[in-house]
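For reference, the chains in residue letters:
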Amino acid sequence: MLETSEDTLDPSDWNAFRLQGHRMLDDMIDYLEHQRNQPVWQPMPEDIRQHFQQPLDDNQADLAATYNLFIKEVLPYALGNVHPGFMGWVHGGGTPVGMLAEMLAGGLNANLGGRDQAPIEVERQVVQWVRDLFDFPKTASGLFVTGTSMANLLSVLIARTARLGTEIRQKGLAANTAHLVAYVSTSAHISLIQAFDITGLGSNALRRIPVNDQFQMDLSALELAISEDKKSGLMPFYIAGTAGSADVGAIDNLNALAELCRRENIWFHVDGAYGALSMLASDIAPRMQGIELADSIAFDFHKWGQVPYDAGFILVRDEELHLNTFATSAAYLNREVRGMAAGSPWPCDFGPELSRGFRALKTWFTIKVYGAEKLGRVISNTCTLAQYLKSRIEAEPRLELLAPVALNIVCFRYRSFNANRVNADLVIALQESGIAAPSTTIINGQLAIRAAIVNHRTTTQNIDALIDATLTFGECAENSAQSQE
Ligand SMILES: *Cc1c(COP(=O)(O)O)cnc(C)c1O
């Protein structure tokens, strides 16, 4: 037998390790199988929170003891987005298959920055599927990133290079005399505003165009803003349409935006963080019309795609431009035509990250095992559930719908003399009850209970439980607000 290093981190007793590993796997499979019997969420007790403030030390706890800590002190206080009653923000539910794929990826410990290896072919396979899904040409490029926030940032950098040329990468914006300006709707995600801040273009350069009664970017206001900016000698270069807005799930008129961008020679980006994958659902896909005309699309497999966190993605129509925005050479990253340094261009040439995990594997497994049609049905089903929730709200005089339901997000409130206060308290009570977990947003100055149905496990029972609990806690919240008047 070959000797092992005394200092290795591998187990000294592989059999004991194997038993412990099997137990951990079984427990997590049980956890997923019996989600429904657990509360969605429960607050973390203060004394347990304190346990996570210990100093670094040299002690060696054994694996089983550390795992017990995880079971007692981490697992019960997770956010609960795997639970069918979770409806807060826009969180994916994950899948058992995705969990197993994460374990396999951990075992391989692949670094997908580059080099010649099968894991990169897996990522290229997913890129090809994404191209097909959005009807993009074979020359389009794609890259896994953490999430849509990062993908939106990359899109701004690529659009900047498209407009100013690659010299901007050496000279920097300070040397540039053209004043770039860009446009999104007031419902656009904050990551787009951050992207303008981070890139040095400045968030003031991003015009926030008002929305119509369907919460879509107002096209005449957009055209007016563009023509005024041009008159002032500014250079419009980028418009981001949203396909599924974070507040109400609105879809901008992507066809009209594409046409305007073509006419004005402006980069057309689509933030489709969760909405873009509805291209998988034959009944919802027609509402995404125009997305196929984008110069770039940002979206997440970890939301409606149900892939475990994190798995964001950017698709770019012009691969060469994408490469020219990021590729940078260095002697220690030299490329060859054979050997391990073959296979150029590498993923690291398409973005700022060099070391990259194997996000593609859990995505590849998810698509292979469940199939595109089934994943599309899950998406379609969450939209049907949203319509069911809408109909329950409309049938209940104590509740009021606050925004149109375009996709899977429903904004409503409990009617009350002091609605903002009562509904804020109500949502906290719902979350603390563990029955259902919506979040909140503000619609036209009114605080809304916001239910985003993303999880493939959610059923009409969860919707009914949300309505029942909303009515019960609404009454409590109203009584306590009244007694404090
Ligand atoms: C979630 C979301 C984002 C941000 O995506 P992350 O994956 O959280 O970075 C951006 N835009 C919209 C519309 C979103 O819903």
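Residues numbered from 1 in each chain as written. Predicted model: local features only at pLDDT ≥ 70, side-chain atom pairs only at ≥ 80, totals over all residues. Heavy atoms only, no water.

### Quick notes on the sheet that holds strand β10 (residues 409-414)
Read from one edge of the open sheet, five strands run β1-β11-β12-β10-β9, paired in mixed fashion. Here the strands that pair on one side only, and so sit at the sheet edges, are β1 (86-87) and β9 (399-401). (Pairing = 2+ DSSP bridges. Helix = DSSP H or I, 4+ residues; strand = E, 2+ residues; numbered from the N terminus.)

### Notes on the site of the ligand
Near the ligand you find 13 residues, and of these S149, D271, D300, H302 and K303 are the closest. H302 is positioned such that a nitrogen or oxygen atom in its side chain is 3.0 Å from an oxygen atom of the ligand. Residue K303 places a side-chain N or O atom 3.0 Å away from an oxygen atom belonging to the ligand. Burial of the ligand by the protein amounts to 84% of the accessible area it has alone, namely 380 Å². Among the residues making up the shell around the ligand, the classes are represented as three nonpolar, seven polar and three charged. (Near = heavy atom within 4 Å. Polar contact = N/O pair within 3.5 Å; in protein donor to acceptor, adjacent residues only side chain to side chain. Areas by Shrake-Rupley, 256 points an atom, 1.4 Å probe, with all protein chains shown as cover. Nonpolar A, V, L, I, M, F, W, Y, C, P; charged D, E, K, R; others polar.)

### Things to note about unusual backbone geometry
Residues other than glycine predominantly adopt negative phi, and peptide bonds predominantly adopt the trans conformation. For the peptide bond that leads from Y309 to D310, omega is -15 degrees, which places it in the cis range. Within the fold, D310 resides in the loop between β7 (296-300) and β8 (312-316). Cis geometry marks the peptide bond from S344 to P345, where omega comes out at 0 degrees. Of note, P345 is situated in the loop between α11 (319-326) and α12 (359-370). At W89, a residue that is not glycine, the phi angle is positive and equals roughly 45 degrees. Within the element layout of this structure, W89 appears in the loop between β1 and α4 (96-108). Phi is positive for N265, close to 55 degrees, though the residue is something other than glycine. Relative to the helices and strands, N265 resides in the loop between α10 (254-264) and β6 (267-271). You can call N265 exposed: its relative accessible area is 55%. (Buried < 20%, exposed > 50% of the residue type's maximum accessible area, 1.4 Å probe, protein only.)

### A closer look at the nonpolar core
Counting residues in hydrophobic clusters, the biggest one holds 66 residues, and the most contacted among them are F134, L222, I239, I297, F299, F301 and F313. Contact partners of F301, with chain neighbours within four places excluded, come to V126, V130, F144, L277, Q306, V307, A311, F313, T363 and I367. Within the second largest apolar cluster, 31 residues are counted, among which are L153, V156, L164 and A240. (Core = buried A, V, L, I, M, F, W, Y, C linked by side-chain atoms within 4.5 Å. Contact = heavy atoms within 4.5 Å.)

### Side note on the packing of helix α1 (residues 14-33) against α4
One way to put it is that α1 packs onto α4 with a least axis distance of 11 Å and a crossing angle of 155 degrees. As the angle between them shows, α1 and α4 are arranged roughly antiparallel. Crossing of α1 over α4 shows right-handed handedness. Each of L25, M28, I29 and L32 in α1 lies in contact with α4, whose residues at this interface are P96, M99 and L100. Classifying every residue of the contact of α1 with α4 by side-chain character gives seven nonpolar, no polar and no charged. (Axes fitted to C-alpha atoms, helices over the stretch in contact; angles between N-to-C directions. Parallel < 35°, antiparallel > 145°, perpendicular 65-115°, else oblique. Left-handed = near helix turned anticlockwise from the far one by under 90°.)

### Some points on the pattern of salt bridges
Opposite charge on two side chains makes pairing possible when the charged atoms of those side chains draw close. The full count for this structure, using the stated rule, is 18 salt bridges. Where R398 meets E396, a salt bridge forms, and the shortest distance between an N and an O atom there is 3.0 Å. Judged by relative accessible area, R398 falls into the partly exposed class, the value being 37%. Linking E400 and R413 is a salt bridge whose minimum nitrogen-to-oxygen distance equals 3.0 Å. Of this pair, E400 sits in strand β9 while R413 sits in strand β10, and the two are 13 residues apart along the sequence. Connected via shared salt-bridge partners are E259, R262 and R263. (Salt bridge = Lys/Arg side-chain N within 4 Å of Asp/Glu carboxyl O.)

### Describing the side chain of T95
Its location among the elements puts T95 in the loop between β1 and α4. When residues no more than four places from it in sequence are discounted, the contact partners of T95 are Q306, T366, Y370, H456 and R457.

### Considering α10
For α10, the complete set of buried residues consists of L254, L257, A258, L260 and C261. Down the axis, α10 shows its buried residues gathered within 165 degrees of arc, on one side only. Contacts made by the buried residues of α10 are with α9 (219-231), β5 (235-242) and β6. The positive-phi residue at the C-terminal boundary of α10 is N265, with phi of around 55 degrees. (Arc of directions from axis to C-beta.)

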